[in-house]
Amino acid sequence: EAVRIQNNLTGGYTWKLDEGVALKAPFFSKVVVYSQEGTVAVTDNTKLCESASICATPRQVGFADTYGITVEASFRYSLSKNPEVLEEMHDKVKNSNNLFGNTLLPFSQDLINYTASQFKAEAFLQGGQNQFKSRLVDQATNGMLVTKRVKELVIAEQANRNSDRENTKVGQQFRYEVKILEDAKTGKPLRNPTAIAAYGISVVPAGI
């Protein structure tokens, strides 16, 4: 646990991050406790929900090709060990319930939705789960990728009932692709900071 002990008389506070005995003055101290690690589960799996810090029912997400799939996922969060970073987090969320209910759960749901918008449902269902999970980890750790939906012209051969090559026609069709935008100078992907980046919280998707 990460424990914040505040002296209500002086306004001073200390963070206790290691095992041991900590003293507080009765009636004159306010104690706020955060679990250093916790799980957010977006699932209807009863056993997983019972062991999670917070749980929400799965929601259908929209993929890049407009198909919707219900994705279940769980995320393991670890708090920073830096008291200054923890204090900045506490100043915003105030307590553990707010941290999980108002910050980590919405972030988890947004991360699933935003990542799904970068993939086609067909690719996901045909073995793309590992790539999807890797993209979740990457964006949770390094920032959300900046993407753009691009309309592309595709030249396709359209065969009629006869299978010989002479009766095959060339047709044009449009499809939409999601492109990851890159920095013009460095060539690296453009990213936006995550909602939890300022709190020094690390996350590893435990499963999808």
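Conventions we followed
- Residues numbered from 1 in each chain as written.
- Predicted model: local features only at pLDDT ≥ 70, side-chain atom pairs only at ≥ 80, totals over all residues.
- Heavy atoms only, no water.
- Helix = DSSP H or I, 4+ residues; strand = E, 2+ residues; numbered from the N terminus.
- Rg over C-alpha atoms; globule rule 2.2 N^0.38 Å.
- Buried < 20%, exposed > 50% of the residue type's maximum accessible area, 1.4 Å probe, protein only.
- Contact = heavy atoms within 4.5 Å.
- Areas by Shrake-Rupley, 256 points an atom, 1.4 Å probe, with all protein chains shown as cover.
- Lys, Arg positive; Asp, Glu negative; His and termini not counted.
- Charge placed at Lys NZ, Arg CZ, Asp CG, Glu CD.
- Core = buried A, V, L, I, M, F, W, Y, C linked by side-chain atoms within 4.5 Å.
- Patch = residues over 30% accessible without salt bridge, like charges linked within 9 Å, V, L, I, M, F, W, Y side chains within 5 Å.
- Salt bridge = Lys/Arg side-chain N within 4 Å of Asp/Glu carboxyl O.
- Pairing = 2+ DSSP bridges.
- Axes fitted to C-alpha atoms, helices over the stretch in contact; angles between N-to-C directions.
- Parallel < 35°, antiparallel > 145°, perpendicular 65-115°, else oblique.
- Left-handed = near helix turned anticlockwise from the far one by under 90°.
- Nonpolar A, V, L, I, M, F, W, Y, C, P; charged D, E, K, R; others polar.
- pLDDT = per-residue confidence, 0-100.

## Considering the overall build of the protein chain
Here comes step 1: In terms of regular secondary structure, the protein chain is built from five helices and 13 strands.
Here comes step 2: For 208 residues, the compact-globule estimate of 2.2 N^0.38 gives 17 Å, and the protein chain exceeds it by more than 25% at 24 Å.
Here comes step 3: With the C-alpha coordinates of the protein chain rotated into their principal frame, the extents come out at 90 × 45 × 20 Å.
Here comes step 4: Here the protein chain, with 208 residues, has 36% of them falling under the buried criterion.
Here comes step 5: Of the contacts made within the protein chain by residues no fewer than 6 positions apart, 65% connect residues no fewer than 24 positions apart.
Here comes step 6: Carbon and sulfur atoms provide 47% of the accessible area of the protein chain, an area that totals close to 13000 Å².
Here comes step 7: Taking the average location of the 24 positive side-chain charges in the protein chain and that of its 22 negative ones, the two points are 3 Å from each other.

## What to know about the nonpolar core
Generally speaking, soluble globular proteins have nonpolar side chains that are buried together.
Here comes step 1: Among the nonpolar cores identified, the biggest contains 39 residues, and Y34, F63, Y77, M89, L99 and I201 are the most heavily contacted of them.
Here comes step 2: By residue number, the principal contributor to this core is helix α3 (residues 96-116), which donates eight residues.

## Structural notes on a nonpolar patch on the surface
Here comes step 1: There is a patch of nonpolar side chains on the surface, built from L9, F27 and F28 and spanning about 420 Å² of accessible area.
Here comes step 2: Inspection of the secondary structure puts F28 in the loop between β2 (13-16) and β3 (29-34).
Here comes step 3: Overall, F28 belongs to the partly exposed group, its relative accessible area being 42%.

## A look at the sheet that holds β2
Here comes step 1: Here three strands make up an open sheet; going across it, the order is β2-β1-β3 and the pairing antiparallel. Of all the strands in the sheet, just β2 and β3 have a single pairing partner and so form its edges. Across the sheet, the axes of successive neighbouring strands diverge by a mean angle of 15°, strand direction being ignored.
Here comes step 2: Relative to β3, strand β1 (residues 2-7) runs antiparallel, the two being bridged by six bridges. Bridging across to β3, I5 finds its partner in V31.
Here comes step 3: Sheet contacts for helix α2 (residues 83-93): β1, β2 and β3; angle to β2, the most-contacted strand, approximately 110°.

## Section: the packing of α3 against helix α5 (residues 129-142)
Here comes step 1: Between α3 and α5, the shortest axis-to-axis distance is 10 Å and the interhelical angle comes to 125°. If you check the angle between α3 and α5, you find them oblique. Here α3 and α5 pass one another in a crossing that is right-handed. On the side of α3, the interface is formed by F107, L111, I112, Y114, T115 and A116, while α5 contributes F132, R135, L136, Q139 and A140.
Here comes step 2: Taken together, the residues that form the contact of α3 with α5 break down as eight nonpolar, two polar and one charged.

## Quick notes on the confidence of the model for the protein chain
Here comes step 1: Of the residues in the protein chain, 93% have a pLDDT of 70 or more, and the chain-wide mean is 89.
Here comes step 2: Within the protein chain, no element has a lower average pLDDT than strand β11 (residues 168-180), which sits at 76, and none a higher one than α2, at 97.

## Regarding the pairing of β2
Here comes step 1: Relative to β2, β1 runs antiparallel, the two being bridged by four bridges. Within β2, the residue paired with R4 across the bridge is W15.
Here comes step 2: Linking β1 to β2, which pair antiparallel, is a turn of five residues; within it G11 sits at a positive phi near 85°.

## A short note on the side chain of T103
Here comes step 1: If you trace the backbone, T103 turns up in helix α3.
Here comes step 2: For T103, a relative accessible area of 15% translates into the label buried.
Here comes step 3: Other than its neighbours up to four places away in sequence, T103 contacts V93, N98, I196 and Y199.

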